[in-house]
Amino acid sequence: MLTFTIRRVLATVLVMFVITVVVFVIFFKTPGVDPARAIAGRNPSAQVLQEIRAQFGLDKPLPVQYGLMMKSIFISRDLVSYSNQGVKVVPEIAAATPATLSLVFGAAIIWVVLAIAIGVAAALLRGTLFDPLLMVLALIGVSAPVFWVGQVANMVTQGGLHSTFLFSWVPPLGYTSFTQSPLLWFKGLVIPWITLSILYIGLYGRVLRANILETQNEDFVRTARAKGITERQVLLRHTLRTSMITFVSLFGLDFGALVAGGALLTEVVFGIHGVGYLTYQALANLDLPTIMATVIYGAFFIVLANAVVDIGYAWLDPRIRPT
Amino acid sequence: MATLLEQAEVGPGPTSADLGRNPWALAGRRLRRNRIALAAGGLFLLIVLLCLAAPLYAHDVAHVNPFVPNLNGTTVVNGKVVPVMRQGGGTLHLGETPIGPTWDLSHYFLGADSTGRDIASLLLYGGRSSLLVGIGSAVLCCLAATVVALIAGFFGGWVDTLLSRLMDVIWAFPVYLLAISLATELLTHSGGFQFGPLHISATSLWTPTVIIAFIYVPYVYRPVRGQVLSVVKKEFVEASIAQGAGNLRLIFSEILPNVVSTVIVLFPLMVATTILTESALSFLSVGVQPPNVSWGTMIQDGTSLLYTRPWDSLAPGIMILLTVLSLNVLGDGVRDALDPRAKVRVEG
């Protein structure tokens with residue numbers, strides 16, 4: 001287990017290094033693109049360009065340029081957004097993180113609970129009309145663009161029906177931090193949570209249903225039935241438990257991806273000022289330093305999440321540990 | 001190679017007619033029996049045909065040029081001439097509401113967008129861009145991934161390690177953030193992207209196509225490489241080696257035909273994914289660039305009219321939903337037909 005952990009950590013560090021190299025190549029070495037001009041944003045002055053060339057050592061050898069980029073992102077953390085009046089990028093990202101976490105955590109709770117309910121129901125009711133109906137609904141959820149679902153949700157809750165009793169409780173678009181007002185925080189996030197979870201409810205429900213159907217024919221399920229425990233216990237303690245393996249590993253990856261910027265579209269549609277929204281604003285201003293930093297932090301988060309999932313897995317299930 | 005015995009064990013009713021048929025014919029028959037998948041395929045084809053007919057509709061039915069803003073124009077509703085943009089608010093056209101749906105195919109069927117352009121015509125033209133970028137990037141992506149997977153799986157050793165780690169790195173990026181980084185980097189330069197003799201103009205549809213193809217290569221690469229690895233060790237490859245076949249011959253006539261089905265299974269699902277990605281990028285204004293429109297840019301345009309003219313974003317959203325849904329259902333059907341014994345399946 002220890003060797004596995006060490007090897008996994010080393011691999012993670014290596015992947016992180018290569019990620020930074022890829023980002024460096026995208027932002028500093030795209031053929032035909034002058035990095036100073038790209039970083040400076042719209043209509044830069046000659047002085048700003050000069051400053052950037054000096055800060056990132058653009059006239060120096062490649063390894064030095066790479067080192068300077070890494071220093072400004074991780075060590076001195078003084079990467080400055082030129083399009084946004086010299087705001088420091090890294091603290092901005094840190095400040096935006098709680099909003100993203102609030103959104104993703106809430107949505108995750110909804111989609112895990114509902115997906116388990118739907119997956120189990122569909123598997124148990126196989127052969128009835130309920131099963132294909134649930135699966136079609138799930139497929140529709142997977143096929144709808146999340147930002148459009150958000151817009152339709154806004155249309156309904158902020159538009160004509162807002163004045164009726166149905167949706168008068170929905171506050172205007174935006175994010176209120178939990179420390180400011182827990183009630184407003186919750187009210188404002190309910191619709192975004194539902195919107196974000198729609199895609200995953202369908203996906204996870206389908207995966208779980210398939211896994212349950214596959215597990216139901218395993219020998220150990222037959223053994224469990226043979227020893228005379230109730231169907232309910234067979235389902236909860238044997239079938240469902242084994243079927244959850246794929247579910248859990250998918251969840252780890254998707255959750256990581258969402259926190260790392262995947263929730264961008266939902267944040268934009270609902271005006272939640274999280275990390276994704278920050279990236280969106282940076283896009284509008286062609287603010288490359290901010291995008292550069294969010295991409296690196298996002299990718300690091302995903303790589304870390306993957307490593308944690310893998311190590312957790314190996315700890316749970318010794319068969320996975322490679323020797 | 002699936003022997004007849006194996007087929008007999010699991011195949012759906014091995015009739016005498018199955019004997020001696022090639023696997024493609026069998027798969028084709030299984031697909032033809034799947035009515036839902038066929039209906040989905042039909043729906044997708046219908047959408048494609050409608051979008052191809054965009055110029056016909058715009059020119060001969062709606063009589064508009066949907067690429068020209070129409071702030072001062074008029075149209076006919078119930079026999080009366082009305083302005084396309086309501087409430088003449090001075091020369092700047094501020095605070096004007098475009099006309100809503102008239103449900104009259106020849107006069108602004110779905111209303112006008114924020115610059116007075118005909119939504120129904122734009123919807124068809126937008127579909128062309130969305131489908132073109134979606135299908136184009138899926139083709140590019142599958143091609144690139146297959147080539148890389150063939151090289152990695154066939155040569156193995158350090159080549160495989162290097163390529164697989166590279167794919168891991170690309171896949172480690174948040175998909176949308178990677179696409180956004182590439183897009184902004186390319187779009188900051190109106191001159192476009194120069195790579196050797198290749199030149200891609202920034203506003204060209206190629207920009208989103210190439211970006212979307214690139215970010216999904218690892219996703220296709222993994223299953224295809226797995227398939228290559230399982231084929232490389234088979235006896236018929238050994239037999240071919242014993243006959244003195246060279247590397248190219250081994251790759252193209254022995255291995256490739258045996259991994260093509262994996263790629264075909266992935267393809268419709270990839271088109272569904274790339275169409276969704278295109279719409280998201282266009283919605284964020286880093287996808288399809290003006291003067292081109294796509295369903296994503298239309299939804300973005302509809303944001304400002306969300307509460308007054310909901311059809312501006314409802315219509316393109318419904319089109320995306322129908323297209324992607326039909327592709328997903330068709331993709332499921334294709335997978336069930338080509339790979340009836342698949343271990344990893346979403347549908348049981």
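Residues numbered from 1 in each chain as written. Chains lettered and ligands numbered in written order. Predicted model: local features only at pLDDT ≥ 70, side-chain atom pairs only at ≥ 80, totals over all residues.

Chemist: It is not clear to me how the overall build of chain A should be interpreted in this structure. Could you clarify?
Modeler: Along chain A, the regular secondary structure elements total 13 helices and 2 strands. Seen through its principal axes, chain A has C-alpha atoms that stretch 80 × 65 × 40 Å. For chain A, the residues scored as buried account for 37% of the 323 residues in total. Taking contacts inside chain A between residues at least 6 apart in sequence as the whole, the part at least 24 apart equals 69%. (Helix = DSSP H or I, 4+ residues; strand = E, 2+ residues; numbered from the N terminus. Buried ≥ 20, exposed ≤ 12 C-beta atoms within 10 Å, placed from the backbone. Contact = placed C-beta atoms within 7 Å.)

Chemist: I keep staring at the nonpolar core and nothing clicks. Help me out?
Modeler: Generally speaking, nonpolar side chains in soluble globular proteins are found buried as a group. Residue and element names in this part refer to chain B. Core analysis: the biggest nonpolar cluster contains 173 residues, and A179 and V220 have the highest contact counts within it. Counting residues per element, this core draws most heavily on helix α5 (residues 119-155), which supplies 16 residues. When residues no more than four places from it in sequence are discounted, the contact partners of V220 are C141, C142, A145, L266 and M270. (Core = buried A, V, L, I, M, F, W, Y, C linked by C-beta atoms within 7 Å.)

Chemist: I'm lost on the interface of chain B and chain A in this one. Help?
Modeler: By a widespread convention, an interface's size corresponds to the accessible area lost as its parts come together. Contacts between the two partners involve 42 residues from chain B, matched on the other side by 49 residues from chain A. Elements represented by at least two residues in the side of chain B that touches chain A include exactly α6 (157-172), α7 (175-187), β3 (193-195), α10 (247-283) and α12 (311-338) of chain B. Each residue belonging to the side of chain B that touches chain A can be placed in one class, and the counts come to 27 nonpolar, 11 polar and 4 charged. (Nonpolar A, V, L, I, M, F, W, Y, C, P; charged D, E, K, R; others polar.)

Chemist: I would appreciate a short explanation of unusual backbone geometry in the present structure.
Modeler: Across residues other than glycine, the phi torsion is negative in most instances, and most of the peptide bonds are trans. Residues and elements named next belong to chain B. At the junction of P290 and P291, the peptide bond is cis and its omega measures out at 10° in the coordinates. Relative to the assigned elements, P291 resides in the loop between α10 and α11 (295-302). Despite not being glycine, S285 shows a phi value in the positive range, around 65°. Within the secondary structure, S285 is located in the loop between α10 and α11. Its 17 C-beta neighbours within 10 Å are what place S285 among the partly exposed residues.

Chemist: Would you take a moment to explain helix α8 (residues 182-215) of chain A for this structure?
Modeler: With 34 residues, α8(A) should cover 50 Å at 1.5 Å per step; its first-to-last C-alpha distance of 42 Å lies more than 12% under that length. Residue A:S197 marks the point of greatest curvature in α8(A), where the axis turns by about 40°. (Expected span 1.5 Å × (residues − 1). Bend = angle between axes of the 7 residues up to and from the residue.)

Chemist: I would appreciate a short explanation of helix α8 (residues 206-232) of chain B in the present structure.
Modeler: In an α-helix, one full turn covers 3.6 residues, which means residues spaced three or four apart are oriented alike. The largest bend in α8(B) is about 40°, located at B:Y216, with the proline B:P218 one to four residues further on. When you tally the buried positions in α8(B), you get 19 out of 27 residues, the bulk of the element.

These figures capture arrangement, not role.
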